[in-house]
Every structure is written in structure tokens, then in C-alpha cells.
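Results of the structural survey
So the chains spell out like this:
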Amino acid sequence: MQLKKSGALLFPFFILIFTSCTTPKKTLFTQPKENITGIKFLGEYELPFALNYKNTTVGGLSGIDYDVLSNSYYFICDDRSTINPARYYKANISITQKGIDTMFITDMYFLLQPNGTKYPNNKQDPFNTPDPEAIRFNPKTRQITWSSEGERILKESDTVLSDPAIRVIDAQGKFADSFLIPDNLRIRSVEKGPRQNSVFEGMSYADNYKTLFINVEEPCYEDGPRAGISENNAYIRILKFEVASKKNTAQYAYKLDPVAHLPEPATAFSINGVSEILNTGDDKLLVIERSFSTGRMACTIKVFLTDLKDATDIKNNTSLIENKEFKTANKTLLLNMDDLGIYIDNIEGLTFGPLLPNGHKTLLFVADNNFNPLQKSQLLLFEVME
């Protein structure tokens, strides 16, 4: 989701030379089970605004994933082919025990349609304009999976209904396959199904790449209200897909916290939703809740440890308002980034990174600057405590 914000200008940083480190290949196809008890902030890094790479503008970084074998990172850009055609970037990042040392972009690939062409913008073809949000790399297939939120514009002269999508591409951006979208996640003209710009925001592989989890950012219409400034039972859905069949096999309810801060004025825009998820083993996820309120530059980012084990499968529950007999995913607050005492922007991506020199695992978060000079393309590095 793109957030409209304003605030202080960021200062340019030079992109320096990357120093590589190695990670054992034996971990390539096996997703470890993480027993996370805490995360320790190590440092942040900012990309220069409007950085140009291969005649494209780097920004809108809405998802990040790490490839152990090549020690490189994948970033999806949420440009809806407006500035440049829809695309993803590869990058190298050098980290130390003290934080992020350097980062530089190493490659860029356009996301391609099934017919091999680049995606159009909304003036060229609004029905096929993508809204890229999440990205994950599958080391078994060497393919990339990415999500699009679709579109829901209702106007007398300009109605656009475009379903969300989960697509698979090769490393050069060529279309390979797509997942089957369940009927309750299709866009409709009536208030049923997903809200506009609040659909497939976060995504994570699990079960050694046999399972794909993906979440709806905000509640579907029939599941209840959007998160408010006070408790109001706002439930989103976390969907489970079987990778082999590309079919949705289960859905789970997750309860959102209220919006963190009252907007100014009180009737202005505010939101809290799930911007990313990351599997930690055994149907457990790290879940990012991102809250933004008009009148504040910073976002409030909460990271939760979430367990789906005892949650009810609500795949056949067509309305969480009408049928309230379900159990939500269990969630425990791991970190509220407000407590770090630093400016935190629009965090939308999360991945495990390489090991630190002390052998501890790392987590990297990325913020989407919405191509706004008043926002930051911000990377945050954390050490995982077990």
C-alpha cells in the first residue's frame, strides 16, 4: 500500500563497495525453525532519493528477500509502471556487528506479462496495471514469486475492477505461473471482498518451500471494519497455499491492534494493517503491523510473534461478522519500533539475512518511500536473540 505523507527532507548517502561474506550452502533448501526471544537493533541505512539505475528510478521498495547462495537481495518496486515499467532490483548489502556498512544495486529486471511484454500503466491499460507489493525467492526452483494488490475504482465513467494476483517469474522477470485466487479474495463492485489497496501485502514461504503464506492488509468488507483508533475487532485473513498445486488450502483470522495515534484533524486519514509476514517454522510467523496517522511523519511499526497452530481454518467462513465462532491466531508483541527512539518510515518488507560474525541470525526491514522526497528508502538491521 502507498501512503501519502509529508515531512523533513532526507540527506543523500553514497553507495559504496560491497564486501562479501559466505553462508553455508547446506541451509539453502531447508528453512530453519527459529526460536526468537528478542531482536536487537544494530543500525539503519538510507538510499539516496531518486537514485537512478539502468535508466529507472529506485524507490517504492515494498518487499525484500535474501538469497543465501548468491548472498544477494531481491527488492520489489511498487511503481505501477507510472515512472518506469514494473520491476524488481537485486542488491548486495554488507553488514557487520555494528550495522549496515554498504549497499549497492547490482541488477534490475522488468516484471513481464504472460505475453512477454512489460506491464502498462493505468493510462495505457488500467485493467492490467499491476500494484507490486511482496516478493519472495524460491532457491529450489530459482524462481521469484510476487504479489499484486489489484484495483477497485468505482466511478460512473471509469470503473476498474482488477483482481489481486500471486505470480511466479524466472530470474529475468519472465512469467512462469500464477496461483489460483480464492473467490472471496476477488474484487467486486459491491462491498464484498477486499477493500481497495488493502489486499496481498505480505508473503512468506514455509515448510521448506512447500507452503506459501500471504496476507490481506486490511479486513475484507464482510469480515468487519478497518482498524480504528480504539478496539473494534478488525480481522484480516492470512491465507495458506500449497505451492505444488498453487491452490489455497486454509485461511486464518488475525486481529489487528487499533491505530496507534489519533490523526490531525481527527477525521483525517489513518490506518493500521499488516504490511509483511515472515515464516519462522511450524506455522509461526513474524507479523508487521504498520500504523500511520495524518499529522505525523513517522509510522508506528509493531513486530509480533504469531502462531497459527490453534487458529480456526476460516476458509469456508464467508463472513466473520455473521459467523463469529472462530479462534484467531495467537500474537505476542516482540517489538514496538517507537521504543527505538529513532525515525521509522513506511516499513513494508522483512527478511532473514546472513549470520553475523558472532554467529547470530539477522533480520532486515525495508521502508517504501512512495517516491516521495520527504520520505526514506530505509533499511533497518536487527540481531536475532534466541
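Residues numbered from 1 in each chain as written. Predicted model: local features only at pLDDT ≥ 70, side-chain atom pairs only at ≥ 80, totals over all residues. Heavy atoms only, no water.

1. Thoughts on the pattern of salt bridges
- Under the defined criterion, the tally for this structure stands at 22 salt bridges.
- Close ionic contact of Glu46 with Lys376 constitutes a salt bridge, the shortest N to O distance being 3.2 Å. Linking Glu46 in strand S1 (residues 38-47) with Lys376 in the loop between strand S23 (362-367) and strand S24 (377-385), this pair joins segments that are 330 residues apart in sequence. Take Glu46 and Lys376: they sit in the same class, and that class is buried.
- Across the pair Glu289 and Lys331 runs a salt bridge, and its minimum N-O distance is 2.6 Å. With a gap of 42 residues between them, Glu289 in strand S19 (residues 284-293) and Lys331 in strand S21 (residues 330-336) connect regions that are remote in the sequence.
- Note on Lys331: relative accessible area 22%, which makes it partly exposed. (Salt bridge = Lys/Arg side-chain N within 4 Å of Asp/Glu carboxyl O. Helix = DSSP H or I, 4+ residues; strand = E, 2+ residues; numbered from the N terminus. Buried < 20%, exposed > 50% of the residue type's maximum accessible area, 1.4 Å probe, protein only.)

2. Topic: the sheet that holds S23
- Taken together, the 4 strands give an open sheet; going across it, the order is S1-S24-S23-S22, and neighbouring strands pair in antiparallel fashion. The sheet terminates laterally at S1 and strand S22 (347-352), the two strands that pair on one side only. Averaged over all pairs of adjacent strands, the angle between their axes in this sheet comes to 20°, without regard to strand direction.
- Pairing between S1 and S24: 9 bridges, direction antiparallel. Among the inter-strand pairings, Glu44 is bridged to a residue of S24, identified as Leu380. (Pairing = 2+ DSSP bridges. Axes fitted to C-alpha atoms, helices over the stretch in contact; angles between N-to-C directions.)

3. Description of unusual backbone geometry
- Of the consecutive residues Glu264 and Pro265, the connecting peptide bond is found in the cis state with omega at -5°.
- Examined against the element boundaries, Pro265 turns out to sit in the loop between strand S17 (247-255) and strand S18 (270-281).
- A positive phi angle, near 55°, is found at Asn71, a position not held by glycine.
- Mapping Asn71 onto the fold places it in the loop between strand S4 (61-67) and strand S5 (72-77).

No statement about biological role is implied by the geometric values presented.
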